[in-house]
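Chain and residue survey
Chain by chain, the residues run as shown.
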There are 2 protein chains.
Amino acid sequence: MGFKKRRVKLEDIARRLNISIATVSRALDENPRVKKSTQEKVFKMAKVMGYMPNQIAKSLSSGKTNIIGVLIPRYDEPFFIEVCRGIDQYARNHNYKILISSSRNSYKFEKENLISFEKGLVDGIILSPTHETENVAHLNDLINKGMPIVLFDNIREEVSGADHVIINDEKASFEAVEFLIKKGNKKIAFIGGIKQKKVFQDRYKGYISALAHHNIPLYDELVLHCNSLDREFEDKEILNFFRGLNISPDAVFACTDNYGLLTMKTLLKIGKKIPDEVAVIGFGDLGPGEIFVPTLTCVSQPSFEMGQKAAELLIKQLNESEDIDHIKTIIKLETKLTEREST
Amino acid sequence: MGFKKRRVKLEDIARRLNISIATVSRALDENPRVKKSTQEKVFKMAKVMGYMPNQIAKSLSSGKTNIIGVLIPRYDEPFFIEVCRGIDQYARNHNYKILISSSRNSYKFEKENLISFEKGLVDGIILSPTHETENVAHLNDLINKGMPIVLFDNIREEVSGADHVIINDEKASFEAVEFLIKKGNKKIAFIGGIKQKKVFQDRYKGYISALAHHNIPLYDELVLHCNSLDREFEDKEILNFFRGLNISPDAVFACTDNYGLLTMKTLLKIGKKIPDEVAVIGFGDLGPGEIFVPTLTCVSQPSFEMGQKAAELLIKQLNESEDIDHIKTIIKLETKLTEREST
DNA sequence: CTGTTAGCGCATTCAT
DNA sequence: ATGAATGCGCTAACAG
């Protein structure tokens, strides 16, 4: 499509060679049932005539598009881009393309996008639910209609019938905070994201339990749940938070790399030395943390691998027999703490 | 597709209502030629039965997919992601979806991806050529076959028949360097990217001519063309560059934000004060520069807008009559210098 | 080994 | 206002 001029099709080749369309189709498919010499003739003619198969017609006929739909909450979050890269790599190696859409942090758009996927453009879907996504009826609907789905990252409610790729956010946070505690810190601040988001809830739990486990007091004042969905405001939110504190933290556990960086920036601005006066840990490990001065210690999340695994699970589903019920798989990937200069 | 279970189709609705497929089709299209009451019956039944149109069948029949193919050199470059966001926004508002692929900085993959687009999945293509793309025969081929194409960013050779969205790299660089000169700097270093890339060539030209125009000597030693395509190595390349210098620069013009940040990091590491001892300017203005301490002065490139404009031009082409020759459009967007703490 | 035929699901032209 | 028939380009079942 998108071709204003008439395209060469199987029929044209068939007519020129005085053979049937079916034979041409088979020949191009390298079907062993067609004579070698015919196959060669066909290939040569196809090349001469500049034949290019019509993917749409193929899809309609075969019932599959070889496209994976990917739905992420936003583009401007390196984590999601990394996951997409992982998906893309695996998909490409298995003859699939990916169609990425953004739900722009909105449940409404998430549903809209899924409907658009449901129209048959994609063979399956990889999805990271938005923070607004409270129930999963829309996903169950799709699954019941036979659409293979893999979820990753922010799964508030398990969806039976969909595979999941996740990390143990609570454990990762626990370890990060424990690391700070073992370094001798006692007034540890927490910078989280929107409360509705499962991953942030879990990271908060990990923080709480690490403190409790080590008998370190929890100061409500030292806890911030950023509400901004916008880069611009996060900045101010964090600055105001630190400016308003009565207790001076000796360490900060931030729930994303970006929060970690903004924290460092703010601390430097108000004259703190990192890590001497305040240690900082981020979450993600997505590049920028390595450039900052000082470099940011953080929980390394295997983003790229999450994508690969998600794609692997989805493609496995796509190859499953139609009438066997899918057995749900949950892959939990390991995180690790990457120590750099900020601690 | 991707639906293992049987889907409801027009025929099913038709049968249930004892009317023809054509009428159902027209009704759902809100064609005024069908009786209001019939239309309502059809809509109701479609809803009850959970009808979802098959996009593939529609595309085959209509000859258009309403998908725009986007081909960028790499995903992990915020600039390209910003452009994609811009494309996506405009496209979405005009009922198009986008299919993003990466050529991974390779001419070979660029061609492969274009072939995959040519198979009819997309109505048109927005492309940023790789640094390896020396000639544009493959693009001319596609255009001759009737595929609408819009190029952006790195256009080494003009392609007649394709629209272009660019900035004036040379002018932007000239102004940035001139800015440094007017601040009194005389030993200005240049950190560029791979020499084969047109945008870097142009930014180098701007640098050269600003120096010449103001009678500032050009020290070859102060010029670095980074060869790394990999984030990991850029770091070392820049560190080694500054460590090896005999002349101590009082300013640095970096061709990307990332180079600018790495430059600042390196300078801080070797004990320089920014901007007092060395001023630094980056190019792009894509976020991280605002977080770093000090924040990075840079040439602001309208990335998002580039995407919007590219999509606008493409969709305009898609709506052009088939037999009128396309008149090539070149949109040159304005850049501006955003002054921050590093200068 | 090759040809004929019948779909895939929808849009559309031509009748009525 | 509605229906019947044809085509979009390709695949696959069946026949020979």
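For every chain, the first residue of its written sequence is number 1, and the numbers climb from 1 along that sequence. For naming, the first written chain is A and the first written ligand is 1, with later ones following in the order written. The predicted nature of this model means local features are confined to residues of pLDDT at least 70 and side-chain atom pairs, given and counted, to a pLDDT of 80 or more, with totals for whole chains, interfaces and linings taken over all residues. Each side-chain value is worked out from all heavy atoms of the structure, with water and hydrogens disregarded.

Remarks on the packing of helix 1 (residues 10-17) of chain A against helix 2 (residues 21-28) of chain A
Two measures define how a pair of helices packs: the angle their axes make with one another and the distance between the axes. All names here are of chain A. Axis definition: a line fitted to C-alpha atoms, limited for helices to the stretch in contact. Angles are taken between N-to-C directions and run from 0 to 180 degrees. Strands are runs of DSSP state E lasting at least 2 residues, helices are runs of H or I lasting at least 4, and numbering of each runs from the N terminus. Look at helix 1 against helix 2: their axes get within 8 Å of each other, and the N-to-C directions meet at 110°. It follows that helix 1 is roughly perpendicular to helix 2 by the angle criterion. Listed contacts from helix 2 to Leu10, Glu11, Ile13 and Ala14 of helix 1 are Ile21, Val24, Ser25 and Leu28. Along the lines of polarity and charge, the residues of the contact of helix 1 with helix 2 split into six nonpolar, one polar and one charged. When an angle is under 35 degrees it counts as roughly parallel; over 145 it counts as roughly antiparallel; between 65 and 115 it counts as roughly perpendicular; any other value is oblique. Whether two residues are in contact is decided by their heavy atoms, any of which lying within 4.5 Å being enough. Three classes are used: nonpolar for Ala, Val, Leu, Ile, Met, Phe, Trp, Tyr, Cys and Pro, charged for Asp, Glu, Lys and Arg, and polar for all others, with Gly counted as polar.

Side note on the side chain of Ser128 of chain A
If you trace the backbone, Ser128 of chain A turns up in the loop between strand 3 (124-127) and helix 7 (137-144). For Ser128 of chain A, the contacting residues outside a window of four places in its chain are Leu71, Pro73, Phe80, Phe152, Asp153 and Asn154 of chain A.

As for the relation of the copies chain A and chain B
The transformation that overlays chain A on chain B combines an axial shift of 0.0 Å with a rotation of 180°, and the residual RMSD is 0.1 Å. On this basis, the relationship between the two copies can be described by a two-fold rotation axis. Measuring from the rotation axis to each C-alpha of chain A, the shortest distance belongs to Leu99 of chain A, at 2.6 Å. Here the copies are matched by least squares. The fit uses the C-alpha atoms of residues with pLDDT of at least 70 in both.

Structural notes on the side chain of Asp123 of chain A
All names here are of chain A. Looking at the secondary structure, you find Asp123 in the loop between helix 6 (107-118) and strand 3. Exposure is judged per residue with a 1.4 Å probe applied to protein chains only, and the accessible area is read against the type maximum: over 50% gives exposed, under 20% gives buried, and values in between give partly exposed. None of His or the chain ends enter the tally, which takes Lys and Arg as positive and Asp and Glu as negative. Every case where a carboxyl oxygen of Asp or Glu lies within 4 Å of a side-chain nitrogen of Lys or Arg is listed as a salt bridge. It turns out Asp123 is buried and unbridged, and the closest side chain with the opposite charge, Lys64, is 4.4 Å from it. Separated by 2.9 Å, the side chain of Asp123 and the backbone nitrogen of Thr65 make a polar contact. Here a polar contact is taken to be a pair of N or O atoms separated by no more than 3.5 Å, where protein atoms must pair a possible hydrogen donor with a possible acceptor and residues adjacent in sequence count only if both atoms sit in side chains.

Let's talk about the interface of chain A and chain B
On the side of chain B, 58 residues touch chain A, which itself brings 57 residues to the contact. Two parts lose some accessible area (1.4 Å probe) when they are put together, and adding that loss for both gives the buried area. Summing both partners gives a buried area of about 5400 Å² for chain A against chain B, and 65% of it is carried by carbon and sulfur. Inspection of the chain A/chain B interface yields zero salt bridges. On the surface where chain A and chain B come into contact, there are six residue pairs in polar contact (both at pLDDT 80 or more). Going through the elements one at a time, helix 4 (55-62), helix 5 (78-93), strand 2 (97-102), helix 6, helix 7, helix 11 (257-269) and helix 12 (288-291) of chain A are the ones with two or more residues in the side of chain A that touches chain B.

Quick word on the protein's contact with DNA strand C
We call a residue near a given molecule or strand whenever any one of its heavy atoms falls within 4 Å of it. The environment of DNA strand C is made up of 25 residues, and the closest members are Thr23, Arg26 and Arg33 of chain A together with Lys9 and Tyr51 of chain B. The sugar and phosphate moieties of DNA strand C supply 63% of its atoms located within 4 Å of the protein. At 2.7 Å, a side-chain N or O of Lys9 of chain B approaches a phosphate oxygen of DNA strand C. Contact between DNA strand C and Leu10 of chain B: a phosphate oxygen at 2.8 Å from a main-chain N or O atom of the residue. Secondary structure elements with two or more residues in the surface near DNA strand C: helix 2 and helix 4 of chain A together with helix 2 (21-28) and helix 4 (55-62) of chain B. A breakdown of the residues in the surface near DNA strand C according to their chemical character gives 10 nonpolar, eight polar and seven charged.

Quick notes on the pairing of strand 11 (residues 330-333) of chain A
Residue and element names in this part refer to chain A. Along strand 11, the buried face is formed by Ile331 and Leu333; none of Ile330 and Lys332, which line the opposite face, is buried. Two strands qualify as a pair provided that DSSP identifies no fewer than 2 bridges between them. Of the pairings in the sheet, the one linking strand 5 (residues 163-167) to strand 11 comprises four bridges and is parallel in character. If you follow Ile166 over to strand 11, its bridge partner there is Lys332.

Looking at the UniProt feature "domain: HTH lacI-type" (unreviewed entry) in chain A
With numbering aligned to this structure, UniProt lists the feature "domain: HTH lacI-type" (unreviewed entry) at residues 8-62 of chain A. In residues 8-62 of chain A, helix accounts for 69% and strand for 0%; the two terminal C-alpha atoms are 20 Å from one another. UniProt positions are given in the numbering used here, feature names are shortened, and annotations may be inferred rather than shown by experiment.

A closer look at the pattern of salt bridges
Counting across every chain of the model gives 36 salt bridges over all chains. A salt bridge links Glu77 of chain A to Arg74 of chain A; the shortest N-O distance between them is 4.0 Å. One salt bridge connects Lys198 of chain B with Asp202 of chain B, and the closest N-O pair in it is separated by 3.0 Å. With Lys198 of chain B and Asp202 of chain B both in helix 9 (residues 198-213), this residue pair falls four residues apart, about one helical turn.

Focus on the sheet that holds strand 9 (residues 279-284) of chain A
Paired through their backbone hydrogen bonds, the strands of a sheet run either parallel or antiparallel. All names here are of chain A. The strand order across the open sheet formed by six strands is 7-6-8-9-10-12, and the pairing between neighbours is mixed. Because the sheet does not close on itself, it has two edges, and the strands there are strand 7 (223-225) and strand 12 (336-338). Adjacent strand axes in the sheet meet at a mean angle of 15°, parallel and antiparallel pairs treated alike. As paired strands, strand 6 (residues 188-192) and strand 8 (residues 251-254) are joined by four bridges and run parallel to one another.

A closer look at the nonpolar core
Each nonpolar core is a collection of buried residues, namely Ala, Val, Leu, Ile, Met, Phe, Trp, Tyr and Cys, held together in the definition by side-chain atoms within 4.5 Å. The biggest cluster of nonpolar side chains holds 149 residues, and the ones touching the most others in it are Ile191 and Phe253 of chain A together with Ile191 and Phe253 of chain B. Here Phe253 of chain A is in contact with Ser173, Ala176, Val177, Leu180, Ile188, Ala189, Phe190, Ile191, Arg203, Ile281, Phe283 and Val299 of chain A, once residues within four sequence places are set aside. Counting 42 residues, the second largest nonpolar core, distinct from the first, contains Leu71, Leu99 and Ile149 of chain A together with Ile125 of chain B.

What to know about the environment of Leu262 of chain A
Topologically, Leu262 of chain A is positioned in helix 11. Taking the C-alpha atoms as reference, Leu262 of chain A lies 9.8 Å from Glu237 of chain A; in sequence the two are 25 residues apart. Other than its neighbours up to four places away in sequence, Leu262 of chain A contacts Glu234, Asp235 and Ile238 of chain A together with Ile291 of chain B.

Observations regarding the protein's contact with DNA strand D
Around DNA strand D, 25 residues are found, and the nearest of them are Ser25, Tyr51 and Ser61 of chain A together with Ser20 and Thr23 of chain B. The backbone of Ala57 of chain A places a nitrogen or oxygen atom 3.5 Å from a base nitrogen of DNA strand D. The side chain of Arg26 of chain B places a nitrogen or oxygen atom 2.7 Å from a base nitrogen of DNA strand D. When contributions to the surface near DNA strand D are tallied by element, the ones reaching two or more residues are helix 2 and helix 4 of chain A together with helix 2 and helix 4 of chain B. Classifying every residue of the surface near DNA strand D by side-chain character gives 10 nonpolar, eight polar and seven charged.

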